[in-house]
Structure formats: structure tokens, C-alpha cells
Amino acid sequence: MLDPNKREMKIIEAYYNGVLIGKFIDMHTLRNKLGNLTFKVSYKFITINEKSNKDLFWNMIKNGWIMPSERKIR
């Protein structure tokens, strides 16, 4: 969630077999995008801020998720 005072946001990174497959704003979005793969991935909860990750910060606000590759992993 977004902290308006610090311009920070907590996001979830999803990894499948050690490879980053996506970054998500919340678990609901993650489940919708990954489907059954949700139960096979590992998660890392990180905090990003606008100063150090401006593009990622604003893309997460606009889209709610980012998947580096659109290939099917299933």
C-alpha cells in the first residue's frame, strides 16, 4: 500500500524456480494474474520509493502489476 508521507509502496515479488516472474501491488492482483501458479511460487515482500525507483513506482500505481516476461510459465 502507498504511504503518502514518504512516497513509499510495499509490493510483492513472485518467484518461480528462483526466477522473478512478476511484481504485484497486492495478493488479490497476484492471484488474478497467476491463477493456479499462485500456489507454486515463492514471495518476497519489498518496499520501493519514488526517489530510487520512479518508473517502477508509477507503473505499479497505474497497472497494479508488472510481469517482466509475458511467456507462459505453466
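In case you missed it, the structure is sitting above this.
If you're wondering where the values come from, they're calculated on a predicted model, not measured in any experiment.

In this section: the pattern of salt bridges. For the structure on display, the rule yields 2 salt bridges. Glutamate 50 is the partner of arginine 7 in a salt bridge, and the nearest nitrogen-oxygen pair spans 2.6 Å. One end of the pair, arginine 7, is in the loop between strand E1 (2–3) and strand E2 (8–16); the other, glutamate 50, is in the loop between strand E4 (42–49) and helix H2 (54–63), and 43 residues separate them in sequence. Given a relative accessible area of 37%, arginine 7 falls into the partly exposed group. With a shortest N-O distance of 3.6 Å, lysine 23 and glutamate 13 are connected by a salt bridge. With lysine 23 in strand E3 (residues 19–24) and glutamate 13 in strand E2, this pair connects stretches of sequence that are 10 residues apart.

Calculation rules
- Chains are numbered independently. Their residues run from 1 in the order of the written sequence.
- With the structure being a predicted model, the display of local features is reserved for residues of pLDDT at least 70 and the display and counting of side-chain atom pairs for 80 or more, all residues being used for whole-chain, interface and lining totals.
- Side-chain metrics rest on all non-hydrogen atoms present in the structure, leaving aside hydrogens and water.
- Put simply, a salt bridge is a Lys or Arg side-chain nitrogen that is within 4 Å of an Asp or Glu carboxyl oxygen.
- Think of it this way: any DSSP run of H or I at least four residues long counts as a helix, any run of E at least two long counts as a strand, and we number them from the N terminus.
- Exposed residues in this analysis have more than 50% of their type's maximum accessible area, buried residues have under 20%, and partly exposed residues fall in between, with area computed by a 1.4 Å probe over protein chains only.

The quantities given are spatial measurements derived from coordinates; they are silent on function.
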